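Examination of the molecular architecture
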Amino acid sequence: MVEKVSKSDAEWKAQLSKEQYHVTRKKGTERAFTGPLNENKAVGTYKCVCCNEPLFSSETKYESGTGWPSFYKPLNEEMVGEIEDRSFFMRRVEVICNKCDAHLGHVFPDGPEPTGLRYCLNSASLQFEGDTE
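Reading the values: rules and limits
- Residues numbered from 1 in each chain as written.
- Predicted model: local features only at pLDDT ≥ 70, side-chain atom pairs only at ≥ 80, totals over all residues.
- Heavy atoms only, no water.
- Helix = DSSP H or I, 4+ residues; strand = E, 2+ residues; numbered from the N terminus.
- Buried < 20%, exposed > 50% of the residue type's maximum accessible area, 1.4 Å probe, protein only.
- Pairing = 2+ DSSP bridges.

**Regarding the overall build of the chain**
Scanning the chain for helices and strands turns up two helices and nine strands. In the chain, the order of α-helices and β-strands from amino to carboxyl end is α-α-β-β-β-β-β-β-β-β-β. The principal-axis extents of the C-alpha atoms in the chain amount to approximately 45 × 40 × 35 Å. Here the chain, with 133 residues, has 47% of them falling under the buried criterion.

Put into structure tokens, the structure is as follows:
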């Protein structure tokens, strides 16, 4: 069972930048190739920008060519939720942080092995913590 983080809209607005709030709390999307984590090649962990939950490892990050950070699997599948998204006349699967319900991006079935999945995420929904070793 995941322990939930719950805050008011005002608390999220005070904690997050305008773009982070738009992406994570209002299900927005940053423009392709504009997020600073898309090109990040450092070794470490990608955490939820809202609750600091570790979600993805640099070991599963790959270059998808889409313009957004892409991963083929989460660190802990229990912490990453999936919700059917039928917005904009499309059928997609939204990816959320199960701890705070932050919108992270979408998952698609066109990724590399071993999972065949592409978790296509917004840099604005993540914070990177590099390994210190």
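**Focus: the sheet that holds strand β4 (residues 70–71)**
What the six strands build is an open sheet, ordered β3-β4-β8-β7-β6-β5; its pairing is antiparallel. A single partner strand is all that each edge strand has here, and the edge strands are β3 (61–62) and β5 (80–85). Note: strand β7 (residues 103–108) against strand β8 (residues 118–121), four bridges, orientation antiparallel. Note that in β8 the partner of G105 across the bridge is L121.

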